[in-house]
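# Structural description and commentary
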Amino acid sequence: SGLALNAIVSDLEVDPLPKGPFDVVVVINYLQRNLFARLVDILAPGGVLLYETLTVAVLAFHAHRRAYLLEPGELRAAFSGLEVLSYREADPAEPSRCVASLVARRPFEPTL
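A brief report on the enclosed structure follows. (Residues numbered from 1 in each chain as written. Predicted model: local features only at pLDDT ≥ 70, side-chain atom pairs only at ≥ 80, totals over all residues. Heavy atoms only, no water.)

## Some thoughts on the pattern of salt bridges
Note the threshold: The working definition used for a salt bridge is a side-chain nitrogen of Lys or Arg within 4 Å of a carboxyl oxygen of Asp or Glu.
Within the structure shown, the criterion is met by five salt bridges. Through salt bridges with shared partners, one network takes in Glu 52, Arg 88 and Arg 97.

Set out below in structure tokens:
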């Protein structure tokens, strides 16, 4: 469709987040809670965050370090200042989907 794509891959435990602003930020299978606020900051007004990672529901099926798992409702609460476009969370009846998924948009700044 002719859109330019500038993808950045980095080690977020070593490298700082880029300055932004970005129209889209994607985080998959990664949890570093101290980056939540910064992820919002680097979104452009109207920018979209797509975030999906494991929840504590996975502990019923696999050994895992709890510190790297989302608690119930944590992902939605962490990004409560964004407009949620889509959200779903692990269903204990569906063990293959022990994740929380969020698609949310940063509000446009009001014009003066």
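## Side note on the nonpolar core
The criterion, for reference: Only buried residues count toward a nonpolar core, which is a set of Ala, Val, Leu, Ile, Met, Phe, Trp, Tyr and Cys residues joined through side-chain atoms within 4.5 Å. Buried means the residue's accessible area, taken with a 1.4 Å probe over protein chains only, is under 20% of the maximum for its type, while exposed means over 50%, and partly exposed covers the values in between. Helix and strand assignments come from DSSP, with helices taken as H or I runs of at least 4 residues and strands as E runs of at least 2, each series counted from the N terminus. Pairs of residues are marked as contacts when any of their non-hydrogen atoms sit within 4.5 Å.
By size, the foremost hydrophobic cluster in this structure holds 20 residues, and its most contacted members are Val 25, Leu 39, Leu 49, Tyr 51, Leu 75, Phe 79 and Leu 102. Every element with two or more residues in this core is listed here: strand S1 (22–28), helix H1 (36–41), strand S2 (43–54) and strand S4 (99–105). Those residues within four positions of Phe 79 in sequence are excluded, and the remaining contacts are Phe 36, Leu 39, Val 40, Leu 49, Tyr 51 and Leu 102.

## Considering the side chain of Ser 101
This is how the line gets drawn: For the purposes of these results, a polar contact is taken to be a pair of N or O atoms within 3.5 Å, where, inside protein, one atom must be able to donate a hydrogen and its partner to accept one; residues adjacent in sequence count only when each atom of the pair is a side-chain atom.
Note that Ser 101 resides in strand S4. Here Glu 52 takes part through its side chain, which lies 2.4 Å from a polar atom of the side chain of Ser 101. Each residue touching Ser 101, except ones within four places of it in the same chain, is listed here: Tyr 51, Glu 52, Leu 75, Ser 86, Tyr 87 and Arg 88.

## Focus: a nonpolar patch on the surface
Applied cut-off: Residues enter a patch when their relative accessible area is above 30% and they make no salt bridge; the linking distance is 9 Å between like charges and 5 Å between nonpolar side chains (Val, Leu, Ile, Met, Phe, Trp, Tyr). The method behind every accessible area is Shrake-Rupley, applied with a 1.4 Å probe, and residues are considered shielded solely by the protein chains displayed.
On the surface, Val 24, Val 26, Ile 28 and Leu 50 cluster together into a nonpolar patch covering about 330 Å² of accessible area. Inspection of the secondary structure puts Leu 50 in strand S2.

## With respect to the sheet that holds S4
Operational definition: Two strands pair if DSSP finds at least two bridges between them. Axes, fitted as lines to C-alpha atoms, cover a helix only where it is in contact. Angles between the N-to-C directions of the axes lie from 0 to 180 degrees.
Spatial strand order, S1-S2-S4-S3: four strands in an open sheet with mixed pairing. Two strands in the sheet have a free side with no partner beyond their single neighbour: S1 and strand S3 (83–89). Between one strand axis and the next, the sheet turns through 5° on average, direction left out of account. In terms of strand pairing, S1 meets S2 through six bridges, oriented parallel. Bridge pairing in S2 places Val 27 opposite Tyr 51.

## Some points on the packing of aromatic side chains
Here is the rule we go by: Centre distance within 6.5 Å is the pairing criterion for rings of Phe, Tyr and Trp, where only the six-membered ring of Trp is used; planes under 30 degrees apart are then read as stacked, over 60 as edge-to-face, and the remainder as tilted.
What the rule picks out here adds up to three aromatic pairs. Ring centres 5.9 Å apart and planes at 80° place the aromatic pair Phe 36 and Tyr 51 in the edge-to-face group. Of this pair, Phe 36 sits in helix H1 while Tyr 51 sits in strand S2; the two residues are 15 residues apart in sequence, bridging distant segments of the chain. Phe 36 sits in the buried class, given a relative accessible area of 8%. Its relative accessible area of 2% is what places Tyr 51 among the buried residues. Members of the aromatic cluster, each reached through a chain of ring pairs, are Phe 36, Tyr 51 and Phe 79.

## With respect to the environment of Asn 6
As for its position among the elements, Asn 6 is in the segment before S1. Judged by its relative accessible area of 61%, Asn 6 falls in the exposed class.

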